Amino acid sequence: MDKIIIEGGYELKGEVTVSGAKNAALPIMAAALLAEGTTRLENVPELKDIATIAGLLRHMGARVELWPGRAEIEVDQVDNPVAPYELVKTMRASVLVLGPLLARHGQAQVSLPGGCAIGPRPINLHLKALEAMGAKITLDHGYVNAETPDGLKGTEFFFDQPTVTGTENIMMAAVLAQGRTILRNAAKEPEVVDLAAVLNRMGAQISGAGGDVITIDGVTSLKATDYSIMPDRIEAGTFMVAAGITRGRVLIKGASPGCLTAVTKKLEQAGLVIEEKGPDLMVTGPERITSVDLKTKPYPGFPTDMQAQFMALMCLANGLSVVTETIFENRFMHVSELKRMGADIRLSGNTAIVTGVPFLSGAPVMATDLRASASLILGGLAAKGQTEVSRVYHIDRGYERIEQKLSALGARIRRIRA
Ligand code: EPZ
């Protein structure tokens with residue numbers, strides 16, 4: 001199993017290019033199930049999760065080719081509309097095939113994702129919305145069995161709480177349904193907007209994506225198309241913190257600042273200087289990091305996927321900051337590992353009270369989930385001495401060649417096969 005070794009204390013300098021967004025590429029690859037012909041995707045990140053969904057689509061009968069940065073998906077027919085437990089347990093986003101399979105093939109058998117390190121993460125809202133569209137759903141032996149003998153019907157559905165993949169799944173179900181579907185209290189994340197854009201290029205009729213009311217008028221068929229995936233705003237945000245925590249100066253190319261407003265605002269409050277240069281962001285770290293309180297929220301609020309990285313920064317701030325996680329029940333797994341590096345953090349329910357310390361010390365630490373592992377790498381970049389991050393398979397799920405990108409910025413970081 002690989003480990004990442006970091007010698008801390010080096011200011012990051014130079015430029016880094018943001019890869020395509022994992023959380024846009026996954027639903028967009030699932031959407032290829034809806035279309036006749038060959039879908040060609042550019043700016044596809046080379047990640048473990050992308051390989052997993054490619055494997056899942058092949059398992060169903062699709063032809064999927066992956067090249068560095070590109071994917072080609074052809075789904076003439078799905079001869080096996082099943083998402084098996086073996087695949088779904090490695091990546092819960094596999095549930096994103098449910099809507100497209102039902103819409104195009106009238107039936108699907110998808111393993112229930114089960115719990116996750118950051119919370120129980122049920123899919124009850126996905127299933128409730130599909131039932132409202134006329135799907136017959138049973139849960140059996142850990143699987144969701146769904147069928148639509150008379151096809152899906154448009155409906156009006158209110159999400160009890162905004163759900164990103166829930167909105168994406170139902171949007172994909174509704175594009176081939178009979179009549180109009182109106183989704184209320186929908187998720188507004190940029191990845192939802194990116195998915196709606198590619199579906200509309202396939203011939204769908206979606207309006208309002210990015211707002212909390214999305215309207216979809218069903219059509220009879222969709223044609224495959226070519227599309228370039230949006231940049232990864234969470235990867236960009238992670239590099240912004242890397243520049244800040246090392247007191248460096250980094251140009252983040254293709255960051256698409258418009259999707260990072262909440263992150264930028266908070267980092268500016270922490271003392272970072274952030275200059276917009278068209279699609280790029282120039283980020284300069286401060287001499288002294290200022291403590292800032294933070295509460296995660298659905299978009300356009302501060303993303304939960306940046307909470308751990310921001311907490312690493314607050315560990316070195318000049319005072320006390322209160323970090324409140326409102327999206328997931330158990331997203332503080334990085335706290336005990338940051339404390340191993342000398343951080344001063346007290347937990348109380350969904351709140352972490354971080355008292356800044358003058359420095360962190362390098363230590364052996366263990367990654368527990370994707371974003372927690374990013375926060376440990378950030379802590380290691382700033383720490384005195386050597387940090388050894390184990391279980392880095394977590395980071396490979398969502399960050400493309402992170403150690404190469406960081407070492408190109410002057411970080412002393414390498415991967416070892418342990
Ligand atoms: C997406 O997960 C992202 N994953 C997550 O990124 C991200 O953290 C999350 O949205 C929130 O922004 C992908 O896009 C593949 P939700 P998702 O449904 O869709 C509850 C990363 O690090 N809920 O918006 O699974 C749920 O438990 C990953 O890249 C229900 O109760 O998140 C949570 O508390 C981690 N019932 C809240 O809603 C449902 O049916 C929001 O979850 C659905 C969700």
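Treat the numbers as computed from the prediction; the structure is a model and nothing was measured. Every residue gets a number counted from 1 within its own chain, in the order that chain's sequence is written. It should be noted that, the model being predicted, local features are given only for residues of pLDDT at least 70 and side-chain atom pairs only at 80 or more, the latter also being counted only at that level, while totals for whole chains, interfaces and linings use all residues. In computing side-chain values, all of the structure's heavy atoms are included and hydrogens and water are not.

1. With respect to the overall build of the chain
Convention followed: Numbering goes from the N terminus for both helices and strands, where a helix is a DSSP run of H or I of at least four residues and a strand is a run of E of at least two. Computation of the radius of gyration draws on C-alpha atoms, with the globule rule given as 2.2 Å multiplied by the number of residues to the power 0.38. Categorising residues by exposure relies on relative accessible area from a 1.4 Å probe, with only protein chains included: less than 20% of the type maximum marks a residue as buried, more than 50% marks it as exposed, and the intermediate range marks it as partly exposed.
A count of helical and extended segments in the chain gives 14 helices and 26 strands. Over its C-alpha trace the chain gives a radius of gyration of 21 Å, about what one expects of a compact globule, namely 22 Å for 418 residues. Counting only C-alpha atoms, the chain reaches 65 × 45 × 40 Å along its principal axes. Going through the 418 residues of the chain one by one, you find that 57% of them count as buried.

2. Here's the deal with the site of the ligand
The condition that has to hold: Only a single heavy atom is needed: when it lies within 4 Å of a molecule or strand, its residue is near that molecule or strand. The definition of a polar contact used here is a pair of N or O atoms within 3.5 Å, where within protein one atom must be able to donate a hydrogen and the other to accept one, and adjacent residues in sequence count solely through side-chain atom pairs. Here the Shrake-Rupley method, with its probe set to 1.4 Å, supplies the accessible areas, and only the displayed protein chains count as covering residues. In this classification, Asp, Glu, Lys and Arg are treated as charged, Ala, Val, Leu, Ile, Met, Phe, Trp, Tyr, Cys and Pro as nonpolar, and every other residue, Gly included, as polar.
Among the 20 residues in the neighbourhood of the ligand, the closest are listed as Asn 124, Thr 163, Thr 165, Asp 305 and Ile 327. Note that an oxygen atom of the ligand is positioned 3.3 Å from one of the side-chain N or O atoms of Arg 331. With respect to the ligand, the side chain of Arg 371 contributes an N or O atom lying 2.8 Å from an oxygen atom. In isolation the ligand has 830 Å² of accessible area, and contact with the protein removes 89% of it. Looking at the shell around the ligand, the elements with two or more residues in it are helix H1 (22-31), helix H5 (124-132), helix H6 (164-174) and helix H12 (370-382). Top element by residues in the shell around the ligand is H5. It accounts for 3 residues. Its residues assigned to classes, the shell around the ligand shows 8 nonpolar, 7 polar and 5 charged.

3. Some thoughts on the sheet that holds strand S14 (residues 213-217)
Strands pair in a sheet through their backbones, by hydrogen bonds, and they do so in one of two ways: parallel or antiparallel. So the rule is basically this: Two strands are said to pair when DSSP picks up at least two bridges between them. Axes here refer to lines fitted to C-alpha atoms; in helices the fit is confined to the stretch in contact. Angles between the N-to-C directions go from 0 to 180 degrees.
Read from one edge to the other, the open sheet built from 4 strands follows the order S11-S12-S14-S13, with strand pairing classed as mixed. Bordering the open sheet on either side are strand S11 (156-158) and strand S13 (205-207), each of which pairs with just one other strand. The mean angle between the axes of side-by-side strands here comes to 15°, regardless of whether they run parallel or antiparallel. The pairing of S11 with strand S12 (residues 180-184) spans 3 bridges and is parallel. Within S12, the residue paired with Phe 158 across the bridge is Arg 184.

4. What about helix H9 (residues 261-269)?
Basically, it comes down to this: Here, two residues are considered to be in contact whenever any of their heavy atoms come within 4.5 Å of each other.
All of the buried residues in H9 are Ala 262, Val 263, Thr 264, Lys 266 and Leu 267. Buried residues belonging to H9 abut helix H8 (233-245), strand S18 (273-277), strand S20 (294-295) and helix H10 (307-314).

5. Quick notes on the packing of aromatic side chains
So the rule is basically this: For Phe, Tyr and Trp, rings pair up if their centres lie within 6.5 Å, where Trp contributes its six-membered ring, and each pair is then called stacked (planes under 30 degrees apart), edge-to-face (over 60) or tilted (otherwise). As a reminder, the over-ring test applies to NZ of lysine and CZ of arginine, requiring each to be within 6 Å of the ring centre and within 35 degrees of the ring normal.
With the rule as written, the count across this model stands at 2 aromatic pairs. A ring pair is formed by Phe 157 and Phe 159, whose centres lie 5.1 Å apart and whose planes are at 80°; its orientation type is edge-to-face. A single burial state applies to Phe 157 and to Phe 159, both of which are buried. Centre to centre, the rings of Phe 302 and Phe 310 are 5.6 Å apart; their planes meet at 75°, and the pair counts as edge-to-face. Exposure class is identical for Phe 302 and Phe 310. Each is buried. Over the face of the ring belonging to Phe 359 we find Lys 384, whose NZ or CZ atom lies 4.1 Å from the ring centre. Its guanidinium or amino end placed over the ring of Tyr 10, Arg 412 lies 3.9 Å from that ring's centre, counting from NZ or CZ.

6. Some thoughts on the environment of Val 16
Note that Val 16 resides in strand S2 (residues 13-17). In this structure the C-alpha to C-alpha distance between Val 16 and Ala 236, which are 220 residues apart in sequence, comes to 9.1 Å.

7. Structural notes on unusual backbone geometry
For the bond running from Tyr 299 to Pro 300, omega is 10°, close enough to zero to count as cis. Turning to its location among the elements, Pro 300 is positioned in the loop between S20 and H10. The backbone of Arg 401 shows a phi angle near 45°, a positive value even though the residue is not glycine. The topology assignment puts Arg 401 in the loop between helix H13 (393-396) and helix H14 (402-407). A relative accessible area of 40% places Arg 401 in the partly exposed class.

8. Looking at the pattern of salt bridges
Quick reminder of the rule: A pairing counts as a salt bridge when a side-chain nitrogen of Lys or Arg comes within 4 Å of a carboxyl oxygen of Asp or Glu.
What the rule picks out here adds up to 26 salt bridges. Residue Arg 63 is joined to Glu 74 by a salt bridge in which the shortest nitrogen-to-oxygen separation is 2.8 Å. In this pair, Arg 63 is assigned in strand S5 (residues 63-67) and Glu 74 in strand S6 (residues 69-74), connecting sequence segments 11 residues apart. A relative accessible area of 30% places Arg 63 in the partly exposed class. Taken together, the shared-partner salt bridges in this structure form one network comprising Asp 2, Asp 396, Glu 403, Arg 415 and Arg 417.

9. Digging into the packing of H8 against H10
Two measures define how a pair of helices packs: the angle their axes make with one another and the distance between the axes. What counts, and what does not: For classification purposes, an angle smaller than 35 degrees is called roughly parallel, one larger than 145 roughly antiparallel, one from 65 to 115 roughly perpendicular, and anything else oblique.
One can describe the packing of H8 onto H10 by two numbers: an axis separation of 10 Å at closest approach and a directional angle of 5°. As the angle between them shows, H8 and H10 are arranged roughly parallel. Across the interface between the two elements, Ile 234, Thr 238, Val 241, Gly 244 and Ile 245 from H8 touch Gln 309, Ala 312 and Leu 313 from H10. Taken together, the residues of the contact of H8 with H10 sort by class into 5 nonpolar, 3 polar and no charged.

10. What to know about the packing of H8 against H12
Stated formally: In this scheme the handedness of a crossing depends on how the near helix is turned from the far one: anticlockwise by less than a right angle means left-handed, clockwise means right-handed.
One can describe the packing of H8 onto H12 by two numbers: an axis separation of 9 Å at closest approach and a directional angle of 20°. Considering the angle they form, H8 stands roughly parallel to H12. H12 is crossed by H8, and the crossing has right-handed handedness. Residues Ile 234, Thr 238, Val 241, Ala 242 and Ile 245 of H8 form the contact with H12, whose own contacting residues are Arg 371, Ala 374, Leu 378, Gly 379, Leu 381 and Ala 382.

11. Some words on the environment of Ala 174
Relative to the elements of secondary structure, Ala 174 occurs in helix H6. Taking the relative accessible area as the measure of exposure, Ala 174 reaches 0% and is therefore buried. For the pair Ala 174 and Lys 3, spaced 171 residues apart in sequence, the C-alpha separation works out to 44 Å. Those residues in contact with Ala 174, other than ones at most four positions away along the chain, are Met 133, Thr 181, Ile 216 and Gly 218.

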